[in-house]
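Here is what each chain is made of, one letter per residue.
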Amino acid sequence: MDNIEINAKAIELRKRFGEDENSFVDVFAMAGQITDLSIVMYPMGERISGICIKSEGANVIAVNSLMSYGRQRFSLAHELYHLIFDETEGVSISSKSLETDNEKERIADRFASYFLAPYNALRNAVLKKKNGELTLKDVISLEQIFGVSHKAMLRRLVDDGFMKESDVEKMTGSVIAHAKRYGYSDKLYLPSDENLRKKTYGNYIVQAETLKNNGTISVRKYKELLIDAYRYDIVYGEDNGGKI
């Protein structure tokens, strides 16, 4: 599958959720609209970015909450490719590295990049900013516009020919400090708040509520299921701001 086809699929999925190819997308809100999908935020260490589990009527996507928010968005978009377009069922585990020899993982990475920043939208944004070579300030502005990590944006700019590989190294240090100096929030570059690093959303919570309400399970069992899903805020009425 070439990049034109991958970009087309990314735009197709945007349109399924009522979004055009130019706007910033809230990928977590979009994924929350998929009725049979549970989304799990969980600290998975240094090597894994996400997991997709496909099964009939009960799908799960897990995202590594230790990654930056920008990378979490990328990872969720990557796993949505596996869920919706990858015909392989079962479990797919995705590496945190953006460099891989696995063809399906490369396609899913490209899909995630195009889903968050479609080709024409990024091209138009680059052309508006470009005055000679792109600067670090330009790159940080672009990743803020599209909500992607610094590393993912640099990779994309190189792949699309807007930047040379030799330019990347000089733009990789002190990103948070530079973003602050340019007037941006550092949210994009930080992991989830500690109280949000273990949370389950979506179908699992809905199904537990349904089973309780129709009398299939007891209130006690309902609470146990929620605790297993790290939803202490629902069980004990704590407002931890646990929204995606």
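Structural data are supplied above this passage.
Worth saying up front: this structure is predicted, and the values here are computed from it rather than measured.

Asks: In this structure, what is going on with unusual backbone geometry? I would like to understand it.
Replies: Leaving glycine out, the prevailing phi sign among residues is negative, and the prevailing peptide bond configuration is trans. Positive phi is not limited to glycine here, since Ser174 has a value of about 55°. Take Ser174: it is sitting in the loop between α8 (165-168) and α9 (175-181). The phi dihedral of Tyr230 is positive, around 65°, even though this residue is not glycine. With respect to the helices, strands and loops of the structure, Tyr230 is situated in the loop between α11 (219-228) and α12 (232-236).

Asks: How do you make sense of empty space enclosed by the protein when you look at a structure like this?
Replies: Empty space among the atoms becomes apparent when a probe as large as a water molecule is rolled across them. A complete count under the given rule lists one cavity of 30 Å³ or more for this structure. Each pocket or cavity is described by its volume, and for the largest cavity that value is around 50 Å³. Taken together, Phe74, Ser113, Ala117, Val148, Ala152, Met153 and Arg156 make up the full set of residues lining the largest cavity. No other element matches helix α7 (residues 150-159), which puts three residues into the lining of the largest cavity. Considered class by class, the residues forming the lining of the largest cavity number five nonpolar, one polar and one charged.

Asks: Explain the pattern of salt bridges here, please?
Replies: If the charged atoms of two oppositely charged side chains come close together, the side chains can form a pair. Considering all chains together, one arrives at 15 salt bridges under this definition. Across the pair Arg155 and Asp159 runs a salt bridge, and its minimum N-O distance is 3.4 Å. You can see Arg155 and its partner Asp159 sitting in helix α7, four residues apart, about one turn around the helix. In this structure Asp159 comes out as partly exposed when scored by relative accessible area, which is 40%. The network of salt bridges with shared partners includes Arg110, Arg155, Arg156, Asp159, Asp160 and Glu165.

Asks: Help me understand the pairing of strand β1 (residues 37-42) in this model?
Replies: On a regular strand, one side chain projects to one face of the sheet and the next to the other, so that they alternate. Counted residue by residue, β1 has five buried out of six residues, so it is predominantly covered. Relative to strand β3 (residues 59-64), β1 runs parallel, the two being bridged by six bridges. Bridging across to β3, Ile39 finds its partner in Ile61.

Asks: Even after reading the chapter, I still don't get helix α5 (residues 119-129), so can you show me in this structure?
Replies: Of the positions making up α5, those classed as buried are Ala121, Leu122, Ala125 and Val126. Projected down its long axis, α5 shows its buried positions confined to an angular sector of 130°, all on one face. Residues of α5 that are buried in the fold lie against α6 (136-146) and α7.

Asks: Quick question: what am I supposed to make of the layout of surface pockets here?
Replies: Taken as a whole, the second largest pocket holds about 180 Å³ of empty space. Contributing to the lining of the second largest pocket are Phe74, Leu98, Glu99, Thr100, Arg106, Asp109, Arg110, Ser113, Ala152, Arg155, Arg156 and Asp159. Of all the elements in the fold, those that place two or more residues in the lining of the second largest pocket are α4 (103-116) and α7. For the lining of the second largest pocket, the residue count by class is three nonpolar, two polar and seven charged.

Asks: Even after reading the chapter, I still don't get the sheet that holds β3, so can you show me in this structure?
Replies: Working definition: the strands of a sheet are paired by backbone hydrogen bonds and lie parallel or antiparallel to each other. One open sheet accounts for five strands, arranged β4-β2-β3-β1-β5; its pairing is mixed. Two strands close off the open sheet at either side, each with one partner strand: β4 (90-95) and β5 (199-202). In this sheet, adjacent strand axes meet at a mean angle of 15° when their direction is disregarded. Packed onto the sheet, helix α3 (residues 69-84) meets β1, β2 (48-54), β3 and β4 and runs at close to 30° relative to β2.

Asks: Can you walk me through the nonpolar core in this structure?
Replies: Side chains that are nonpolar tend, in soluble globular proteins, to be buried together. By size, the foremost hydrophobic cluster in this structure holds 59 residues, and its most contacted members are Leu80, Phe115, Leu157 and Met163. No other element matches α4, which puts seven residues into this core. With near-sequence residues (within four places) excluded, Met163 lies in contact with Leu134, Val139, Leu154, Leu157, Val158, Val168 and Met171. Of all hydrophobic cores here, the second largest spans eight residues; its members include Leu225, Leu226, Ala229 and Val235.

Asks: Would you mind showing me how to read the packing of aromatic side chains here?
Replies: Note on aromatic pairs: each is described by the distance of the centres and the angle between the planes. Here the structure, examined in full by the defined rule, presents six aromatic pairs. Plain terms: the ring middles of Phe28 and Tyr69 are 6.4 Å apart, the flat faces sit at 15° to each other, and that makes the pair stacked. A residue pair is termed long-range when its members are at least 10 positions apart, and Phe28 in helix α2 (residues 27-31) and Tyr69 in helix α3 qualify at 41 residues. Residue classification places Phe28 among the buried residues on the basis of a relative accessible area of 4%.

What counts, and where the lines are drawn
- Residues numbered from 1 in each chain as written.
- Predicted model: local features only at pLDDT ≥ 70, side-chain atom pairs only at ≥ 80, totals over all residues.
- Heavy atoms only, no water.
- Helix = DSSP H or I, 4+ residues; strand = E, 2+ residues; numbered from the N terminus.
- 1 Å grid on protein atoms, 1.4 Å probe; cavity = no way out; pocket = protein on both sides within 12 Å on 5 of 7 lines; lining within 4 Å.
- Points joined across faces, edges and corners; volume = space filled by probe spheres on them.
- Nonpolar A, V, L, I, M, F, W, Y, C, P; charged D, E, K, R; others polar.
- Salt bridge = Lys/Arg side-chain N within 4 Å of Asp/Glu carboxyl O.
- Buried < 20%, exposed > 50% of the residue type's maximum accessible area, 1.4 Å probe, protein only.
- Pairing = 2+ DSSP bridges.
- Arc of directions from axis to C-beta.
- Contact = heavy atoms within 4.5 Å.
- Axes fitted to C-alpha atoms, helices over the stretch in contact; angles between N-to-C directions.
- Core = buried A, V, L, I, M, F, W, Y, C linked by side-chain atoms within 4.5 Å.
- Phe/Tyr/Trp six-rings, centres within 6.5 Å; stacked < 30°, edge-to-face > 60°.

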